[in-house]
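# Structure assessment
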Amino acid sequence: MKKSLAIVLIISFLITLCGCSLGSGNLGTLELEMNSTPKKLDPLLAASLSEKQIVSALFEGLIRLSEKGEILPASAEKYEISDDGMTYTFHLRDGLSWSDKKELCAEDFVFGMRRAVSPETGSLYSSQLIGITNAEEIINGEKSADTLGVTATDEKTLVITLKTPDKNLLRKLAGFAAMPCRKDFFDSCSGRYGMAGKFIISNAAYRITGWVDDYDQKKITLRQSSSYKGDFPATLAGVNIDFKETTERTDRLTKGKINAAQATPQLINSADSYGLSSLTYQQKCLGLIFNTENKYFKDADLTTALALAVDRESYKDHLPGSYNAAYTLVEKDAKAAALPYNAQNEATVPAFDVAAGSEHFSAYISKEKKVLPEFTIIFDDSSLKTALSYIVQSWQKQYGIYAVTKEVSSAELSSAVSSGSYEIALTSFTPSDNEVYSMLSIFSSSGRFGNMAPAEYDGLLQSAAAEQDDSSAQEKYLSAEKMLLSDGRIIPLAFTLDGFIYDSSVKRIEFYPDNAFINLTSTEVKYQK
């Protein structure tokens, strides 16, 4: 007996000395490389892929989705739905805690969701909660956040009331808007919540153990959280995430310096030749946007004429293998209310029509009587240079409009679009997730491209989001997409495959359902001593 106790004590000492748990002893560590350095690891504000990737590993909501998109209890052990579908009661698991060892309770979910709908937060995901009582009014600034229909009846019981039944609520509660947040910790951060390692506590399988953001090194490290007691434990001992330019990324992979990396379409195309594998998704749409503050592009007749002169049939066969010509803005695998959107793949872009385009161009000239200058199209993706040349030639042929293309860096393009210092830009439209609302909302008045939609667009989009009838919601979303593209200020050109590439040391890797980031509670890497 004494001998057994001594062995146990020795093992415990060695575990403590190594700073790991028994469960992590034979698990590998993922060396991951991504593009953009995170600015803030707040679930409600996670915008870049790297931010969403890390947040997904640090936070767990009431619900998770299985690999097949099925609803699974997470922080909530069980739940009940009232007969009228208006009230959801969640019972939290025993022993839940934050990474700082303090108890996680129902009130943390109340505070988290109140933050999600509060206009002061500016959450990217507030629409996920729009069906909850008073959520829409709070988002619009008409009511205070404490009127949200989410209450904690005791430390382990959470009650959510709805304004109308929503059969997709559970799926929405797996999203970032429903992540917990502990008020006392949030307040102690004094406005810096999620901006550095010491301003982050987690409740999921991983915890953040390092965040370096120096000129010559940008890195975040995640390790297993000993506080996590749920059903989705870490399948890795840890994750080391470096943030670097894509230059020489394949070289670092083939030499074993990293074993997985975020990939551009070019890297995906070349993965096989380097003996690497790829995990891809078609989510990013690339297209032209016109600076509507420019005196020429304020007139919808001109932008409509230019859109009608874009012939996708002329350039579709000249796109690289990981690109497809875009006849819609929202990609074909997007979901609306958990159902496939635009299942018939109906084109939403204005069709190539020289006669109609000439009418709009003539209307513009008769009003403005201006000689058009030579315009500049800035872009950062050389793979689309041929497609741009076909478009420029068509504009010149149909209307005598001249445009030149100028390749810039990704940082220069992003800066130009953000500051409005461009005429025409070829940029990407990347939604926060696979929901159609997420794509269309970036063009709403509060979105990144909020100055390009017609005045009535916001109302139609919100009506679609609140619609309980699936077919009606689909129709409204489709109408909103067509409305957005009708005046040519946004011209979708191509969809591209993005994703990750990885070497043979990665035994299992998959996306989190309906998202473009890796599920780090199922990824496996070969253990190396």
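### Remarks on the overall build of the protein chain
When helices and strands are counted, the protein chain shows 16 helices and 21 strands. Sorting the 529 residues of the protein chain into buried and exposed places 53% on the buried side. Put simply, 69% of the contacts in the protein chain that link residues at least 6 apart link residues at least 24 apart. Within the structure as shown, the protein chain displays about 23300 Å² of accessible surface, and the carbon and sulfur contribution to it stands at 50%. Separation between the mean location of the 54 positive side-chain charges and that of the 68 negative ones in the protein chain comes to 7 Å.

### Side note on helix α16 (residues 470–485)
Across its 16 residues, α16 extends 23 Å between first and last C-alpha, which sits within 8% of the 22 Å expected from 1.5 Å per residue. For α16, the complete set of buried residues consists of D470, A473, Q474, Y477, L478, A480, E481, M483, L484 and L485.

### Comments concerning the sheet that holds strand β7 (residues 157–161)
Read from one edge to the other, the open sheet built from 4 strands follows the order β4-β5-β7-β6, with strand pairing classed as antiparallel. Both outer strands of the open sheet, β4 (76–81) and β6 (150–154), are each paired with one neighbouring strand and no more. Each neighbouring strand pair of the sheet contributes to a mean axis angle of 25°, computed without reference to strand direction. Sheet contacts for helix α3 (residues 106–117): β5 (87–92), β6 and β7; angle to β6, the most-contacted strand, approximately 170°.

### Here's the deal with the packing of aromatic side chains
In total, this model carries 16 aromatic pairs according to the counting rule given. For the ring pair F443 and F449, a centre distance of 5.5 Å and an interplane angle of 25° mean the geometry is stacked. Put simply, the rings of F290, Y296, F297, F375 and W395 pair up and form one aromatic cluster. When the ring centre of F232 is taken as reference, the NZ or CZ atom of R64 above it lies at 4.6 Å.

### Overview of the confidence of the model for the protein chain
In this model, the protein chain carries an average pLDDT of 88, and 93% of its residues clear a pLDDT of 70 or more. This model gives residues 1–24 a pLDDT under 50, and the stretch forms 8 contacts once residues within four places in sequence are excluded.

### Let's talk about the pattern of salt bridges
Throughout the structure, instances matching the rule amount to 20 salt bridges. The residue D94 makes a salt bridge to K156 at a minimum N-O spacing of 1.9 Å. With D94 in the loop between β5 and α3 and K156 in the loop between β6 and β7, the pair connects residues that are 62 residues apart, well separated along the chain. Residue class for K156 comes out partly exposed when judged on its relative accessible area of 33%. The closest approach of N and O atoms between K167 and D470, which form a salt bridge, is 2.7 Å. Of the two residues, K167 sits in the loop between β7 and α5 (169–172) while D470 sits in helix α16, which places them 303 residues apart along the sequence. The network of salt bridges with shared partners includes E33, R249 and R252.

### Examining the environment of A411
Along the chain, A411 falls in helix α13 (residues 410–419). A relative accessible area of 56% means that A411 is categorised as exposed. Spatially, the C-alpha atom of A411 lies 23 Å from that of I501, the residues being 90 residues apart in sequence.

### Things to note about the pairing of β4
Both β4 and β5 contribute to a ladder of 5 bridges, which runs antiparallel. Bridge pairing links E80 to T89 in β5. The antiparallel hairpin formed by β4 and β5 contains 5 residues in its connecting segment, where G85 sits at a positive phi of about 70°.

### Description of unusual backbone geometry
Of note, N134 is a non-glycine position whose phi angle comes to about 70°, a positive value. One can find N134 in the loop between α3 and α4 (135–139). The exposure class of N134 is buried, given its relative accessible area of 16%. Of note in the backbone geometry, E248 takes a positive phi value of approximately 65° without being a glycine. Here E248 shows up in the loop between β10 (238–243) and α7 (249–254). Among the residues examined, E248 registers a relative accessible area of 55% and is labelled exposed.

### Concerning the packing of helix α15 (residues 457–466) against α16
Relative to each other, α15 and α16 sit at 160°, their axes nearing to 8 Å. In this view, α15 runs roughly antiparallel relative to α16, as classed from their interaxial angle. Read as a crossing pair, α15 and α16 show a hand that is left-handed. When α15 is examined against α16, the residues Y457, L460, L461, S463, A464 and A465 are found in contact with a partner set consisting of A473, K476, Y477, S479, A480, M483 and L484. Residue composition of the contact of α15 with α16, grouped by class: 10 nonpolar, 2 polar and 1 charged.

### Focus: the pairing of strand β17 (residues 403–407)
As paired elements, strand β16 (residues 375–379) and β17 share 5 bridges and run parallel to each other. Residue pairing in the sheet places F375 in a bridge with A403 of β17. Considered for its hand, the β-α-β crossover made up of β16, helix α12 (residues 385–399) and β17 is right-handed.

Here is what the cut-offs are and how they apply
- Residues numbered from 1 in each chain as written.
- Predicted model: local features only at pLDDT ≥ 70, side-chain atom pairs only at ≥ 80, totals over all residues.
- Heavy atoms only, no water.
- Helix = DSSP H or I, 4+ residues; strand = E, 2+ residues; numbered from the N terminus.
- Buried < 20%, exposed > 50% of the residue type's maximum accessible area, 1.4 Å probe, protein only.
- Contact = heavy atoms within 4.5 Å.
- Areas by Shrake-Rupley, 256 points an atom, 1.4 Å probe, with all protein chains shown as cover.
- Lys, Arg positive; Asp, Glu negative; His and termini not counted.
- Charge placed at Lys NZ, Arg CZ, Asp CG, Glu CD.
- Expected span 1.5 Å × (residues − 1).
- Pairing = 2+ DSSP bridges.
- Axes fitted to C-alpha atoms, helices over the stretch in contact; angles between N-to-C directions.
- Phe/Tyr/Trp six-rings, centres within 6.5 Å; stacked < 30°, edge-to-face > 60°.
- Lys NZ or Arg CZ within 6 Å of the ring centre and 35° of its normal.
- pLDDT = per-residue confidence, 0-100.
- Salt bridge = Lys/Arg side-chain N within 4 Å of Asp/Glu carboxyl O.
- Parallel < 35°, antiparallel > 145°, perpendicular 65-115°, else oblique.
- Left-handed = near helix turned anticlockwise from the far one by under 90°.
- Nonpolar A, V, L, I, M, F, W, Y, C, P; charged D, E, K, R; others polar.
- Right-handed = clockwise from strand over helix to strand, strands pointing away.

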